[in-house]
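Working through the structure, step by step
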Amino acid sequence: MVRLLYKGNLITVDCTRKNQGLWNPTVGIRWNYDNASDVKLLTDKVFKSNEKAETFGFQMGKAWADEYTC
């Protein structure tokens, strides 16, 4: 699991290993970090490496934060 504080939101990406050694990211966002409202973003995309899955997860989390926060 990796974490990033982005625009006041704590983004965590947790990757699980699926069939055939592929990785699937789950993105958790503690929205407006101080208020502690949680959002979970799921995808059915899989990646050949954990690093690529984490990178995709952070891109997803950042896009959400850009759209829903000031």
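Structural notes on the confidence of the model for the chain
Mean pLDDT over the chain: 89, with 91% of residues reaching 70 or higher. Confidence, expressed as mean pLDDT per element, reaches its minimum in the chain at strand S4 (residues 37-42) with 88 and its maximum at helix H1 (residues 50-68) with 94.

Things to note about the pairing of strand S2 (residues 9-17)
When strand S1 (residues 2-6) meets S2, the two strands line up antiparallel, connected through 5 bridges. Following the sheet pairing, Tyr 6 is matched in S2 by Asn 9. Here S1 folds back onto S2, and the loop between the two strands holds 2 residues, one of which, Lys 7, carries a positive phi near 50°. With 8 bridges joining them, S2 and strand S3 (residues 23-31) adopt antiparallel strand pairing.

Describing the environment of Thr 12
Among the structural elements, Thr 12 can be located in strand S2. Between the alpha carbons of Thr 12 and Met 60 there is a distance of 11 Å; along the sequence they are 48 residues apart. Apart from the residues within four sequence positions on either side, Thr 12 is in contact with Met 1, Val 2, Arg 3, Thr 26, Val 27 and Gly 28.

Reading guide: rules and limits
- Residues numbered from 1 in each chain as written.
- Predicted model: local features only at pLDDT ≥ 70, side-chain atom pairs only at ≥ 80, totals over all residues.
- Heavy atoms only, no water.
- pLDDT = per-residue confidence, 0-100.
- Helix = DSSP H or I, 4+ residues; strand = E, 2+ residues; numbered from the N terminus.
- Pairing = 2+ DSSP bridges.
- Contact = heavy atoms within 4.5 Å.

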